[in-house]
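Spelled out, the chains give:
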Amino acid sequence: MSASPTADESTRVLLVLTNLPDHDTAAALATALVEARLVACANVLAPCTSVYRWQGEIETAPEVPLLLKTTVARYAALEAAIRARHPYELPEIVAVPVERGLDAYLAWVGAETRPVSS
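Report on the accompanying structure.

### Looking at the side chain of Arg74
1) Next: Within the secondary structure, Arg74 sits in the loop between β4 (57–71) and α2 (75–85).
2) Next: No salt bridge is formed by the buried Arg74; its nearest oppositely charged neighbour, Glu9, is found at 11 Å.
3) Next: For Arg74, the side chain forms a polar contact with the main-chain oxygen of Thr113, separated by 2.9 Å.
4) Next: Apart from residues no more than four positions distant in its own chain, Arg74 is found in contact with Ala36, Arg37, Leu38, Thr113 and Pro115.

Written as structure tokens, this is what we have:
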């Protein structure tokens, strides 16, 4: 049995998660990332309460989760863009590989995150 060819970095999709302090900040980041073609789609979710340890103290804060769809090829640029625009000293940036999905949707993510040729 032969192995299937491995998809290259421009077609392997990632789901990237981050949290922002409020809706306006999350929406502004989402728009900037889509405009820059670093993500195909950004979902600004409903506010939630995060509980975490920071600098030795237990903290509780309202946050707005942001789900971002991108490719492995665009991840480094996406991470840099999030870090540059994120208000937190240490932003959560977590990428999860998408193992399966609707082929047409995954192809759309790849197409929408390709840099535009000059």
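### Looking at the side chain of Thr71
1) Next: Summarising the element assignment, Thr71 is placed in strand β4.
2) Next: Classification of Thr71 by relative accessible area gives buried; the value is 1%.
3) Next: Not counting residues up to four positions away in its chain, the partners in contact with Thr71 are Glu9, Ser10, Arg12, Val13, Leu14, Val109, Gly110 and Thr113.

### Observations regarding the pattern of salt bridges
1) Next: What the rule picks out here adds up to 1 salt bridge.
2) Next: Arg37 serves as the salt-bridge partner of Glu112, at 3.9 Å between the closest nitrogen and oxygen. Placement of Glu112 in helix α3 (residues 103–112) and of Arg37 in the loop between α1 (23–35) and β2 (41–44) is noted, with a sequence separation of 75 residues between them.
3) Next: By relative accessible area, which is 30% here, Glu112 ends up partly exposed.
4) Next: Arg37 sits in the partly exposed class, given a relative accessible area of 23%.

### Thoughts on the layout of surface pockets
Remark: the empty space left among the atoms is shown by a probe the size of a water molecule rolled over them.
1) Next: Estimated volume of the largest pocket: approximately 300 Å³.
2) Next: Asn19, Ser50, Tyr52, Trp54, Ala61, Glu63, Tyr88, Glu89, Leu90, Pro91 and Glu92 are the residues that line the largest pocket.
3) Next: If you list the elements that add at least two residues to the lining of the largest pocket, you get β3 (48–54) and β4.
4) Next: Counting residues per element, the lining of the largest pocket draws most heavily on β3, which supplies 3 residues.
5) Next: Taken together, the residues of the lining of the largest pocket sort by class into 6 nonpolar, 2 polar and 3 charged.

Criteria and thresholds
Residues numbered from 1 in each chain as written. Predicted model: local features only at pLDDT ≥ 70, side-chain atom pairs only at ≥ 80, totals over all residues. Heavy atoms only, no water. Helix = DSSP H or I, 4+ residues; strand = E, 2+ residues; numbered from the N terminus. Buried < 20%, exposed > 50% of the residue type's maximum accessible area, 1.4 Å probe, protein only. Lys, Arg positive; Asp, Glu negative; His and termini not counted. Salt bridge = Lys/Arg side-chain N within 4 Å of Asp/Glu carboxyl O. Polar contact = N/O pair within 3.5 Å; in protein donor to acceptor, adjacent residues only side chain to side chain. Contact = heavy atoms within 4.5 Å. 1 Å grid on protein atoms, 1.4 Å probe; cavity = no way out; pocket = protein on both sides within 12 Å on 5 of 7 lines; lining within 4 Å. Points joined across faces, edges and corners; volume = space filled by probe spheres on them. Nonpolar A, V, L, I, M, F, W, Y, C, P; charged D, E, K, R; others polar.

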